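So the chains spell out like this:
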Amino acid sequence: MNQFGTIALIAGLAFAVYGAVVGAVAGKLRSSRMLKSAERAVVAFFASITLAIIAVEYNLLTNDFHSAYVAEHSNRALRLLYKIPALWSGQEGSLLFWTWLLSIYVLLAVLLNRRKNRQLMPYVISIALAVGTFFASITFFLANPFNRLAETSPNGLQPFTPADGNGLNPALQYHSMVIHPPMLYLGYVGFVIPFAFAMSALITRQLGDNWIRVTRRWTMVPWMFLGTGILLGANWAYFVLGWGGYWGWDPVENASLLPWLAATAFLHSVMIQEKRGMLKVWNMVLIILTFFLSIFGTFLTRSGIISSVHAFAQSNIGSYFSVFLGVIAAFSLTLLFLRLDYLKSENRLDSVISRESGFLFNNWILLAAVFAVLWGTIFPILSKAVEGVTVTVGPPFFDRVMVPIGLLLLLLTGAGPLLAWRKTSFQSLKRNFTLPLIVAAVAGILLYVGGVRKLDPWMSLSLCAFVAACVLGEFYKGARTRMKTAGEHFIQALYNLTMKNTRRYGGYVIHLGIVMLFVGFSGLAFKSETQGLMRPGDILQADGYLLRCENITRGQTANYKYTTVSLSVTHHGRAIGVLKPQKRFYLASQQPITHVAVHPSLAQDLYVVLAGRDPGTGKAVIQVFINPLVEWVWIGGIVMFLGTLLALVPSRAEREIAEIRRKKDLVVEAERAG
Amino acid sequence: MRAKHLILLSVIGIALGVAPAAKAAPSSVTDAALSPAQQREAKAIGGQVNCLCGCLTTVNRCPHLHCSMKAQEKSFIAADIKAGKPPRTVIQDLVLHYGVKILPAPPPRGFNLTAWMLPGFGLIVGLVVAVDLARRWRRHPAATDGTNPVPLDPKILAAIEEERKSVE
């Protein structure tokens, strides 16, 4: 199967090169025949890389330890559930997986644009497959998952097959790890398509509304996947790493946040271009930045230039990525510079207090966030270069810098949608902001009286109340208008209102999700921690919870040894169940891993960790964290995901316009044909 | 050549003599030797310094079961506290012993000050640029307000004309 996979990978690489070249030539010569050929190359690229993926999975599922990748990342005792995701657990497999996802995205772009955007498509294919060529080359030449194991003998190198593999990293043997990396990669990889459309629009000078309209959806999809992937990663950290938190400002976590923030800025500023024909250059810069940062994130993860708990082993592919990043920046910025004359604003700003300026300030905050995160992430490298001293830039730095930025962003999340396009009158400001401000003030007083005295969480929760009132107020006002004009009842009016403008109300749902995220973040300020040594019969007290150690069991599966502590828990005298924190020791990799036990609730999580065994007393070391409001982070993530799906659904008006366009295209095509 | 060898030997000798003093393994004082108040103090300090085993978290949060680095740092902290040193001095001792990387954020001194200053500076510069941009947009009419049309590529003009004809 290794030979089969190698051939498939070579074929994929060849088709990517062919498609990239033929696509560019098709664009230059405006040849529909060559465009067809480039499109076929996309299908062939997808098919070849799919076969290569099948080959790796076959090797993993059949325990072919002759394959170096399988021997390194799997073993016989590994559960089937984790054998499949072992594909993306190592450098080689994950790069192949990256290439495969890219091939799917390009294939979808081709399929969905068979009758549309025909002038853009040759260059879209060319640019996307040029990126595919880079990744397929790196996979084939530098990180090949089909390399075989060999050992030196007197007769030279001889094939070698170990009896068993090293096993999958224990930290990855967790259910959210099965979908976290694919989600993250779907995000990273997906930004290739909007970038390719943007570059194609620049090359062909088709810089009207069309590329923006097309690109917006192609940006929302990876944005949704990346956001979901980031939160799934946070969820994994929370349940597996056992330190009581979910976000540690690790460089690799930061690397995933960077393109997400840049894409968020793009998704907002794109509306100004659609509505008012402004910020055309800026939108190009943002889409270039988003794609650049998505590759930069991959570079950070794989180059080994920064220490991270998530990073792949240090390898020589980092330098190739840095060259690739240089090529992307040089190519896209040169092209942008050459087309500046085509990107002039069509309108002017009528008032500083308007939706347009709201978006402008939103972009300012988001870009400041990108800069702050990037600066903190790369600062250890700069410090080492300048002073020769290694420093750590960890949570205290990011908390100090990012909290004010986050609060400003939260404020705009609520205020922005209430500003009118072109100009917002004082009356309109008064009408729209009075109730949210009253709600925020009441919430602030209640929080203070309720004991929230720390400034950051107090401000954050008060602003959450403000934003929720703003957003829910928009739903209410819209529904009430429909109730009056169309005579619908409230639920029906709410449904019709939403479906009439899915993009707007989907956006509002996303903003509600953001509010929930900030509620969850605010809870971090009130977390508490208790630790105790326990043996059966012992009781540990933690903030109103009583944990009684019932028993300690030890056992072994084919994959790991484990110790489980059963703790019956009561909260203010009320029994809430039995929690079973576990410590596992994986046999193949000889690594321990924690499986925390959590009793979740909307108010607070009871989070229990079996930290180990006290060498002096032999008792179990139990850490108990009370984590307020954490569940709102996960709920906020789900709400954001659903909101994005809603915004992706074409509204009735959009469907009607699309139908008219489709009919017009058919008429034009029929007239041309005959 | 001989002089060089002598210097090298002296340096090695001094290094061998001094290194154990500078990088001496901390005494094996454990938390158990501390009073409950001192233990709380040690715990607070453990939350303010990194574990240097590579876990990229603080000493308190290091997830490794038998982490020798964590144990060494905890022992160092316990020994200092037992000696009656205030938390600030304990952290200074830790920095002297392990280097500045033990701190979870760079100290705001020298070049490291830029780490703290630049995000705020960037925020202010961004604000100035955004306000200036908004002002200029208000003052100047847009490029396509009739007087200054965006130049169009002749090829595109030809394509538009062709499309117009085909629709007609």
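In this text, all values refer to a predicted model and were calculated from it rather than measured experimentally.

Each value, and the rule that gives it
- Residues numbered from 1 in each chain as written.
- Chains lettered and ligands numbered in written order.
- Predicted model: local features only at pLDDT ≥ 70, side-chain atom pairs only at ≥ 80, totals over all residues.
- Heavy atoms only, no water.
- Helix = DSSP H or I, 4+ residues; strand = E, 2+ residues; numbered from the N terminus.
- Rg over C-alpha atoms; globule rule 2.2 N^0.38 Å.
- Buried < 20%, exposed > 50% of the residue type's maximum accessible area, 1.4 Å probe, protein only.
- Contact = heavy atoms within 4.5 Å.
- Areas by Shrake-Rupley, 256 points an atom, 1.4 Å probe, with all protein chains shown as cover.
- Lys, Arg positive; Asp, Glu negative; His and termini not counted.
- Charge placed at Lys NZ, Arg CZ, Asp CG, Glu CD.
- Pairing = 2+ DSSP bridges.
- Axes fitted to C-alpha atoms, helices over the stretch in contact; angles between N-to-C directions.
- Salt bridge = Lys/Arg side-chain N within 4 Å of Asp/Glu carboxyl O.
- Patch = residues over 30% accessible without salt bridge, like charges linked within 9 Å, V, L, I, M, F, W, Y side chains within 5 Å.
- Expected span 1.5 Å × (residues − 1).
- Bend = angle between axes of the 7 residues up to and from the residue.

Trainee: Would you take a moment to explain the overall build of chain A for this structure?
Mentor: Of the regular secondary structure elements, chain A holds 20 helices and 12 strands. Scaling as 2.2 N^0.38, a compact globule of 674 residues should have a C-alpha radius of gyration of about 26 Å, and chain A matches this with 27 Å. Taken along the three principal axes of its C-alpha coordinates, chain A extends 85 × 80 × 55 Å. By the burial criterion, 57% of the 674 residues in chain A qualify as buried. Partitioning the contacts of chain A with sequence separation of at least 6, the portion at a separation of at least 24 is 73%. In the form shown here, chain A has an accessible surface area of approximately 28000 Å², with 64% of it arising from carbon and sulfur atoms. Of the side-chain charges in chain A, 58 are positive and 33 negative, and the distance between the mean point of each set is 7 Å.

Trainee: Please clarify how the sheet that holds strand β10 (residues 597-599) of chain A should be interpreted in this entry.
Mentor: For sheets, the rule is that strands pair by backbone hydrogen bonds, running either parallel or antiparallel. Residue and element names in this part refer to chain A. Pairing is antiparallel in the open sheet, where 4 strands are placed in the order β3-β12-β11-β10. Each edge of the open sheet is held by one strand with a lone partner, namely β3 (528-534) and β10. Each strand of the sheet is rotated relative to its neighbour by a mean of 20 degrees, with strand direction disregarded. Pairing of β3 with strand β12 (residues 620-628), which is carried by 7 bridges, proceeds in the antiparallel orientation. Bridge pairing in β12 links Gly532 to Ile622.

Trainee: Please explain the pairing of β12(A) as it appears in this structure.
Mentor: For a regular strand, side-chain orientation follows a simple rule: the groups alternate between the two sheet faces. Residue and element names in this part refer to chain A. Of all 9 residues in β12, 9 are buried; the element is thus mostly enclosed. On β12, burial covers both faces: Ala620, Ile622, Val624, Ile626 and Pro628 on one face and Val621, Gln623, Phe625 and Asn627 on the other are all buried. Here 9 bridges tie strand β11 (residues 604-613) to β12, and the two strands are oriented antiparallel to one another. Bridge pairing in β12 places Leu606 opposite Ile626. Hairpin connection from β11 to β12: 6 residues lie between these consecutive antiparallel strands, with Gly618 at a positive phi of about 80 degrees.

Trainee: I keep staring at the pattern of salt bridges and nothing clicks. Help me out?
Mentor: Note on pairing: side chains with opposite charge can pair once their charged atoms come close. Residue and element names in this part refer to chain A. Evaluated as defined, the whole model comprises 12 salt bridges over all chains. In this structure, the salt-bridge partner of Glu356 is Arg276, at a minimum N-O distance of 2.5 Å. Of this pair, Glu356 sits in helix α13 (residues 355-387) while Arg276 sits in helix α10 (residues 251-276); the two residues are 80 residues apart in sequence, bridging distant segments of the chain. Both residues of the pair, Glu356 and Arg276, count as buried. One salt bridge connects Lys477 with Glu474, and the closest N-O pair in it is separated by 3.4 Å.

Trainee: It is not clear to me how a nonpolar patch on the surface should be interpreted in this structure. Could you clarify?
Mentor: All names here are of chain A. A contiguous nonpolar patch, built from Met1, Phe4, Leu51, Ile54 and Tyr58 and spanning about 450 Å² of accessible area, is present on the exposed surface. For the nonpolar patch, the element with the most residues is helix α2 (residues 32-61), which contributes 3 residues. Along the chain, the position of Tyr58 falls in helix α2.

Trainee: When you look at helix α15 (residues 426-449) of chain A in this model, what are you seeing that I'm missing?
Mentor: Owing to its 3.6 residues per turn, the α-helix brings residues three or four apart onto one side. Residue and element names in this part refer to chain A. Here α15 is 24 residues long and its end C-alpha atoms lie 33 Å apart, about the 34 Å a rise of 1.5 Å per residue gives. Roughly 40 degrees is the biggest bend found in α15, and it falls at Phe433, with proline Pro436 one to four residues downstream. Of all the residues in α15, the buried ones are Ser428, Asn432, Phe433, Pro436, Ala440, Ala443, Gly444 and Leu447. In the core, the buried residues of α15 are packed alongside α14 (395-415) and α16 (455-486). The first or second residue beyond α15 is Gly451, which carries a positive phi of 110 degrees.

Trainee: Got a minute to help me understand the pairing of strand β5 (residues 545-556) of chain A in this structure?
Mentor: All names here are of chain A. The sheet contact formed by strand β4 (residues 539-542) and β5 spans 4 bridges and is antiparallel. Residue pairing for β5: Gln541 is matched across the bridge by Leu546. Counting the residues in the hairpin turn of β4 and β5 gives 2 residues, including Asp543, whose phi is positive at 45 degrees. Here 11 bridges tie β5 to strand β6 (residues 560-571), and the two strands are oriented antiparallel to one another. Bridge pairing in β6 links Leu546 to Thr570. The turn joining β5 and β6, which pair antiparallel and follow one another in sequence, is formed by 3 residues.

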